[in-house]
Structures are given as structure tokens and as C-alpha cells.
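Listed here are the chains, written in short residue letters.
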Amino acid sequence: MTLKIAYSPCPNDTFVFDAWAHGRVPGAPELDVTFADIDVTNAWAERGGTSLGAPPGRSLGEKGGEEFDVLKVSYAVLPWVLDEYALLPCGGALGRGCGPLVLTREPGVELTGRTVAVPSERSTAYLLFRLWAADVVPGGVGEVVVMPFHEIMPAVRDGKVDAGLVIHEARFTYQRYGLHSLADLGEHWERTTGLAIPLGAIIAKRALGPEMLRRLAEAVRTSVRMAWDDPDASRPYVLEHAQEMDPAVADQHIGLYVNEFTHNLGDDGYAAVRGLLTRAAAEGLVPPLGRNALSFV
């Protein structure tokens with residue numbers, strides 16, 4: 001059996017899935033991998049796992065309309081997709097000290113009524129931003145502009161927007177653009193809630209059935225353990241897809257986003273996910289979760 005899976009080319013995802021994607025996880029189903037940014041996989045999940053047009057990372061000659069069995073998505077999109085997909089209890093990005101940043105050209109900018117660029121309105125980063133702004137920006141921010149992630153820091157630097165919401169490796173590179181960190185949204189979240197920061201989740205179609213979902217979870221965990229045991233084995237795959245990222249930054253990225261929660265969400269991980277989505281629902285940002293919505297099988 002071959003499963004269609006889509007995840008990002010970011011180092012944490014390629015590190016986690018390297019062993020499985022290359023057939024080194026004993027007994028695991030074969031994977032047909034498509035690379036796509038997380039805002040794209042979020043949209044695919046909301047369409048029941050179906051892509052439209054040529055999938056990112058594939059040749060333009062290939063047709064779209066592929067249906068994906070497994071997707072890497074933002075935790076923020078779960079309330080819209082959990083009828084069809086189950087949250088796997090492993091493989092994602094959730095941790096501490098790893099939250100999104102709000103960047104500005106000058107330090108100490110007051111954001112009331114200002115324009116802020118964000119990479120997606122269906123992202124965990126956006127939920128954390130809105131929850132932070134509700135706490136600390138009197139009167140609220142002004143216009144929110146969605147733009148591709150790689151355009152945000154140049155737009156802030158060039159004065160096209162007043163602030164930008166950034167994620168992932170931007171934590172390590174924003175100073176190169178001469179920018180300042182106005183707020184660490186993960187730090188705010190941890191300080192005000194005591195919870196870890198939920199970022200990216202792995203979901204799989206419930207139609208695969210409980211036995212297959214358990215097999216998938218075990219395959220993910222084994223792939224993670226193999227990556228930890230022999231990190232050099234995954235390095236070619238990581239750097240091949242790291243979009244010219246400095247290898248040292250790629251290592252920092254993996255160290256920050258691949259942790260024990262990646263191996264197993266556990267009680268603390270599930271509490272963090274419920275905490276985020278419950279607070280976001282109270283602010284009217286997402287639909288409320290059903291009682292057993294996060295159940296695995």
C-alpha cells in the first residue's frame with residue numbers, strides 16, 4: 001500500500017520523515033511525497049485532502065486533483081478538518097521557546113491601527129498573534145495583509161508594512177534584514193497560559209481505519225527515533241530541500257522544532273492544543289471543538 005503524503009520542505013519535516021520516506025522504517029507503508037508550504041496543505045485539508053492544480057514541488061506537467069492520505073497542517077486548521085481527518089499523536093511541531101515573532105523596522109513600535117503582514121490567516125501563528133494583540137494592543141491592529149512568507153521581512157524592511165508576523169527560521173535570520181523583534185508570541189503564550197506552543201500537526205484520513213492509523217503513528221515515531229539515532233543519515237535529504245538555508249540554521253531549526261512532543265504529544269501536548277483552540281474559539285477565531293474531536297482512533 002502506498003500512501004500519499006504532503007509536508008513542507010522545512011528541515012524539521014524532512015528530518016522527521018527521512019527514514020520513512022526512504023523505506024528504512026520496517027513494515028511501514030510506502031510514501032508518495034509531495035512538498036508544499038503549510039498554507040497550501042491547510043487549504044488541501046479543508047478541501048478534504050484534494051489538491052487543485054499542479055502540486056508545489058511537482059513538475060508543471062503533472063495534473064492536480066491528487067488526494068492526500070496524510071498532511072502536515074497548522075494546529076489552527078484542525079477545527080475545520082477533524083470530521084475527515086484524525087490528529088496523529090506524533091510527528092508535528094510543538095514545544096517551548098519556539099513561537100512566532102512580530103518584527104518591525106524600528107524598536108518599540110505601537111501597533112494600534114497599523115498594517116501587519118502575516119503568512120496565513122489559517123495558521124497557528126496567526127491565532128497566537130490575534131490572542132497576543134487582544135491582550136496588549138489597545139484598540140487592535142489595523143489592516144492585516146496576507147503575503148508569502150519569504151516576502152514578509154523584505155516588506156517590513158522596505159516600509160511597505162508596519163510589522164510582520166514570521167515563523168520558523170526567521171527567528172535566526174531577521175537581524176540580517178535590520179529588523180527588531182517587537183514581541184515573541186510564544187513567550188507571551190507560555191507566560192500567560194503555562195502551556196507549550198502548538199505549531200504544526202500531522203493528520204491522517206479517518207477512512208484509513210483505526211488499525212492503519214495506529215500503524216502510521218508507530219511509523220512516525222520510529223522514523224523520529226531513527227533520525228535522532230543517526231542524524232547524519234537525514235542530512236542529505238534535509239539540505240536538498242532546505243531552500244539554500246545555511247546548514248547551521250537548518251540544525252538550529254531541527255533542534256528547536258523536533259523534540260519529545262514530536263515523538264509523542266502526551267498529556268501536556270494535548271492540553272496545549274486544546275488550550276489554544278479553546279481560547280481561539282472564545283475570541284471567535286475558529287469554530288469550537290467537539291468533545292472528542294482530538295481523539296486519535
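Here the structure is shown first, and the text comes after it.
In this text, all values refer to a predicted model and were calculated from it rather than measured experimentally.

Side note on the pattern of salt bridges
Within the structure shown, the criterion is met by 13 salt bridges. Its salt-bridge partner being D13, residue K72 comes within 2.5 Å of it at the nearest N-O pair. A residue pair is termed long-range when its members are at least 10 positions apart, and K72 in strand β3 (residues 70–74) and D13 in helix α1 (residues 11–21) qualify at 59 residues. Taken individually, K72 and D13 each receive the classification buried, so the pair is uniform in this respect. For the salt bridge of E218 with R225, the shortest nitrogen-to-oxygen distance reads 3.2 Å. Take R225: its relative accessible area is 32%, and that puts it in the partly exposed class. Three or more residues joined by partner-sharing salt bridges are found here, namely K4, D32 and E66.

Details of empty space enclosed by the protein
In total, this model carries 1 cavity of 30 Å³ or more according to the counting rule given. Size it by volume and the largest cavity reaches roughly 30 Å³. As for the largest cavity, its lining consists of A76, W80, E121, R122, L127, L285 and V286.

Focus: the packing of helix α4 (residues 124–136) against helix α12 (residues 266–282)
Where α4 contacts α12, the two axes come as close as 10 Å, and the packing angle between them is 60°. On the basis of the axis angle, α4 is oblique to α12. With respect to the hand of their crossing, α4 and α12 are arranged in left-handed fashion. Residues T124, L127, L128 and L131 of α4 form the contact with α12, whose participating residues are L276, L277, R279 and A280. Grouping the constituent residues of the contact of α4 with α12 by class yields 6 nonpolar, 1 polar and 1 charged.

Quick notes on the rules
- Residues numbered from 1 in each chain as written.
- Predicted model: local features only at pLDDT ≥ 70, side-chain atom pairs only at ≥ 80, totals over all residues.
- Heavy atoms only, no water.
- Salt bridge = Lys/Arg side-chain N within 4 Å of Asp/Glu carboxyl O.
- Helix = DSSP H or I, 4+ residues; strand = E, 2+ residues; numbered from the N terminus.
- Buried < 20%, exposed > 50% of the residue type's maximum accessible area, 1.4 Å probe, protein only.
- 1 Å grid on protein atoms, 1.4 Å probe; cavity = no way out; pocket = protein on both sides within 12 Å on 5 of 7 lines; lining within 4 Å.
- Points joined across faces, edges and corners; volume = space filled by probe spheres on them.
- Axes fitted to C-alpha atoms, helices over the stretch in contact; angles between N-to-C directions.
- Parallel < 35°, antiparallel > 145°, perpendicular 65-115°, else oblique.
- Left-handed = near helix turned anticlockwise from the far one by under 90°.
- Contact = heavy atoms within 4.5 Å.
- Nonpolar A, V, L, I, M, F, W, Y, C, P; charged D, E, K, R; others polar.

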